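The lines below spell out each chain.
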Number of protein chains: 2
Amino acid sequence: MIQTDLDLKVKFLRAFGDKTRVQILECIKYEEKTVSQIVESIEGNQSNISQHLACLRGCGIIVGRPEGKYVYYGLRNQQIKELLDTFDNVLNQIEDNVACCDNHIS
Amino acid sequence: MIQTDLDLKVKFLRAFGDKTRVQILECIKYEEKTVSQIVESIEGNQSNISQHLACLRGCGIIVGRPEGKYVYYGLRNQQIKELLDTFDNVLNQIEDNVACCDNHIS
DNA sequence: TTATCATATTAGCAACAGCTAATATGTGTG
DNA sequence: CACACATATTAGCTGTTGCTAATATGATAA
């Protein structure tokens, strides 16, 4: 199965559209954390978090740095950090409109 | 049901994570189009496109401007346009890494 | 008014994404 | 080595998302 540019783009963008993954990103936005720290921080389940980390890593959004028996996860680079900041900025501006989206295709 | 800031953010971001919606956004990125023009342009089905437009509109990403029996859809503002450009820029930089994400949580 | 065109909405279904529980891998420590 | 800890992977289930088909609404034109 070949991946078009469009499919790649969608896969990348979809990675941001999940509550747990957004929480993970906010959690490691300023400093890298181990898996267990992330699990504790967002009160998730280890298996679940691990799967989401794999997704984010696979999409090039975060990187894992093994150190001993731990793996430290952090944003891939400054550009991702800026993208996250941009999300927040844009959101602040249109926050009122989003609230009224009740279509089930959301 | 109350919507937290986090839920709002996720809803907003999720709107970008769908193939049809990405196509719609690319289609109206530079100029507004009617629903039928969009349907024809991305070879979609009218009902389906209409639902996706409702989603994007409800999330504050696009706006619809009725004119006679047509409705012209365009990006909500310049900030959204810039966000779309940013997506493309970030993607170009990490394109190679995204290709190898095969986790089913994607 | 009736007919036609453009768009929106609804219902039902099929596919997929994400969750939990269990297990596997891998690393350090006694 | 055996054990404990940290993380990753797998399988199966459940809920959600997006699709199609049908119908409704709304606007213009004959």
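Residues numbered from 1 in each chain as written. Chains lettered and ligands numbered in written order. Predicted model: local features only at pLDDT ≥ 70, side-chain atom pairs only at ≥ 80, totals over all residues. Heavy atoms only, no water.

Visitor: Before we move on, could you go through the environment of Ile38 of chain B and cite the residues and values that matter?
Guide: Along the polypeptide, Ile38 of chain B turns up in helix α3 (residues 35-41). Considering only alpha carbons, one finds Ile38 of chain B and Ser50 of chain B, twelve residues apart in sequence, at a separation of 9.7 Å. (Helix = DSSP H or I, 4+ residues; strand = E, 2+ residues; numbered from the N terminus.)

Visitor: I'd like a description of the pairing of strand β3 (residues 70-75) of chain B, backed by residues and values.
Guide: In the case of a regular strand, side chains alternate between the two sheet surfaces. Residue and element names in this part refer to chain B. Pairing of strand β1 (residues 33-34) with β3 involves two bridges; the strand directions are antiparallel. Of the residues in β3, the one forming a bridge with Lys33 is Tyr73. Pairing analysis gives six bridges linking strand β2 (residues 62-67) to β3, with the strands arranged antiparallel. Within the sheet, the bridge partner assigned to Arg65 lies in β3 and is Tyr72. (Pairing = 2+ DSSP bridges.)

Visitor: Can you lay out the nonpolar core for me, pointing to particular residues and giving the numbers?
Guide: One recurring pattern in soluble globular proteins is that nonpolar side chains are buried together. The biggest cluster of nonpolar side chains holds 62 residues, and the ones touching the most others in it are Ile61 of chain A together with Ile61 of chain B. Leave out the neighbours within four places in its chain, and Ile61 of chain A touches Phe12, Ala15, Phe16, Leu25, Leu56, Leu75, Arg76 and Ile80 of chain A. (Core = buried A, V, L, I, M, F, W, Y, C linked by side-chain atoms within 4.5 Å. Buried < 20%, exposed > 50% of the residue type's maximum accessible area, 1.4 Å probe, protein only. Contact = heavy atoms within 4.5 Å.)

Visitor: Explain the pattern of salt bridges residue by residue, including any values.
Guide: For the structure shown, the criterion picks out 16 salt bridges over all chains. Of the charged contacts, one joins Asp7 of chain A and Lys19 of chain B as a salt bridge, the two residues approaching to 3.0 Å between their closest N and O atoms. Separated into two different chains, Asp7 of chain A in helix α1 (residues 5-14) and Lys19 of chain B in helix α2 (residues 19-27) make up a pair that spans both. With relative accessibility at 36%, the residue Lys19 of chain B sits in the partly exposed group. With its nearest N and O atoms 2.3 Å apart, the salt bridge here joins Arg65 of chain A to Glu32 of chain A. Of the two residues, Arg65 of chain A sits in strand β2 (residues 62-67) while Glu32 of chain A sits in the loop between α2 (19-27) and β1 (33-34), which places them 33 residues apart along the sequence. When its relative accessible area of 34% is taken as the criterion, Arg65 of chain A is described as partly exposed. On the accessibility criterion, Glu32 of chain A (37% relative accessible area) is partly exposed. Members of the salt-bridge network, linked through shared partners, are Lys9 of chain A together with Glu26, Lys29, Lys81, Asp85 and Asp88 of chain B. (Salt bridge = Lys/Arg side-chain N within 4 Å of Asp/Glu carboxyl O.)

Visitor: Kindly report on the sheet that holds β3 of chain B, identifying the contributing residues and their values.
Guide: Taken in spatial order, the three strands line up as β1-β3-β2 (chain B) in an open sheet, and their pairing is antiparallel. Only two strands of the sheet have a single neighbouring strand rather than two, namely β1 and β2 of chain B.

Visitor: Give a detailed account of the protein's contact with DNA strand C, specifying residues and quantitative values.
Guide: Contacts to DNA strand C come from 25 residues, most closely from Ser47, Asn48 and His52 of chain A together with Ser36 and Tyr73 of chain B. A share of 62% of the atoms of DNA strand C within 4 Å of the protein falls on sugar and phosphate groups. Here Ser50 of chain B contributes a side-chain N or O atom positioned 3.0 Å from a phosphate oxygen of DNA strand C. With respect to DNA strand C, the side chain of Gln51 of chain B contributes an N or O atom lying 3.4 Å from a base oxygen. Going through the elements one at a time, α2 and α4 (46-58) of chain A together with α3, α4 (46-58) and β3 of chain B are the ones with two or more residues in the surface near DNA strand C. Grouping the constituent residues of the surface near DNA strand C by class yields five nonpolar, 15 polar and five charged. (Near = heavy atom within 4 Å. Polar contact = N/O pair within 3.5 Å; in protein donor to acceptor, adjacent residues only side chain to side chain. Nonpolar A, V, L, I, M, F, W, Y, C, P; charged D, E, K, R; others polar.)

Visitor: Mind laying out the environment of Cys27 of chain A, listing which residues take part and the relevant values?
Guide: All names here are of chain A. Position of Cys27 relative to the elements: it lies in helix α2. Look at Cys27 and you get buried, because its relative accessible area is 11%. A sequence separation of twelve residues divides Cys27 from Val39, and the C-alpha atoms of the two residues are 10.0 Å apart. With near-sequence residues (within four places) excluded, Cys27 lies in contact with Lys33, Ile38, Ser41 and Ile42.

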